[in-house]
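# Structure assessment
Take a look at the letters that make up each chain.
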Amino acid sequence: MINKLTTCISTYNNIDYLKLAVKSVRKNSYFKDNPFIIHAENCNDGTNEWLEKNKHKYNLEIYIEPNNKIVRGIGGGMDFVASKVKTEFINFIHSDFYVAKNWDVELLNVFDKYPNEPMMV
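Computed from a prediction, not measured in an experiment: that's the story for all the values here.

Among the secondary structure elements, Thr6 is positioned in strand E1 (residues 5–11). With a relative accessible area of 1%, Thr6 lands in the buried category. Every residue in contact with Thr6, bar those within four places of it in the chain, is listed here: Pro35, Phe36, Ile37, Val85, Thr87, Phe89, Ile90 and Asn91.

Okay, helix H3 (residues 73–82) next. All of the buried residues in H3 are Gly77, Met78, Phe80 and Val81. Buried residues in H3, looked at end-on, bunch into an arc of 160°, giving them a common side. Contact partners of the buried residues in H3: E1, strand E2 (36–41), strand E3 (61–65) and strand E4 (89–92).

Another aspect to go through is the sheet that holds E4. Spatially, the 4 strands line up as an open sheet ordered E3-E2-E1-E4, and their pairing is parallel. In this open sheet, the two strands that pair with only one neighbour each are E3 and E4. Adjacent strand axes in the sheet meet at a mean angle of 20°, parallel and antiparallel pairs treated alike. Along the sheet, helix H2 (residues 47–54) makes contact with E1, E2 and E3, crossing E3 at roughly 155°.

Both trends apply: most residues other than glycine have a negative phi, and most peptide bonds are in trans. The phi torsion at Asn59 lies on the positive side, around 50°, for a residue other than glycine. Note on placement: Asn59 falls in the loop between H2 and E3. Take Asn59: its relative accessible area is 43%, and that puts it in the partly exposed class. Of note in the backbone geometry, Asn102 takes a positive phi value of approximately 60° without being a glycine. By secondary structure assignment, the location of Asn102 is in the loop between E4 and helix H4 (103–113).

Here the focus is the pattern of salt bridges. Per the stated rule, a full pass over the model turns up 2 salt bridges. Residue Asp112 is joined to Lys4 by a salt bridge in which the shortest nitrogen-to-oxygen separation is 3.1 Å. Here the residue Asp112 occupies a position in helix H4, and Lys4 occupies one in the segment before E1, the gap between them amounting to 108 residues.

What follows covers H2. Turning to H2, its buried residues number three or more, namely Thr47, Asn48, Trp50, Leu51 and Asn54. All buried residues of H2 lie within an arc of 165° about the axis, which places them on one face of the element. The exposed residues of H2 that point more than 90 degrees off its buried face are Glu49 and Lys53. As for H2, its buried residues are in contact with E1, helix H1 (15–28), E2 and E3.

Rules used throughout
- Residues numbered from 1 in each chain as written.
- Predicted model: local features only at pLDDT ≥ 70, side-chain atom pairs only at ≥ 80, totals over all residues.
- Heavy atoms only, no water.
- Helix = DSSP H or I, 4+ residues; strand = E, 2+ residues; numbered from the N terminus.
- Buried < 20%, exposed > 50% of the residue type's maximum accessible area, 1.4 Å probe, protein only.
- Contact = heavy atoms within 4.5 Å.
- Arc of directions from axis to C-beta.
- Pairing = 2+ DSSP bridges.
- Axes fitted to C-alpha atoms, helices over the stretch in contact; angles between N-to-C directions.
- Salt bridge = Lys/Arg side-chain N within 4 Å of Asp/Glu carboxyl O.

What follows is the structure, given as structure tokens:
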């Protein structure tokens, strides 16, 4: 099975939970190097600095909007990261999510089982 999934997060000032979310995706994914895009908007809690410091460690594609530059909000942030995705499927998670072991391959198995069904899981 090939990886056809990109994980995306749009976040605002949620650094402690964001760290857990990122670590859970990298630890619990079947595809350890799946594309992972994070958009941080107007954060002033250390999120921007943590992302810059850890982008290589966790293989993250990051987009940081400096304070007061742009206001997209959570929906606009998700639209923004979606525009950067190059895989067939997108998995949007919130910065306070924790994913279970092999979540990505199990999700892809559902899509493979029903290839002709339009769906959202």
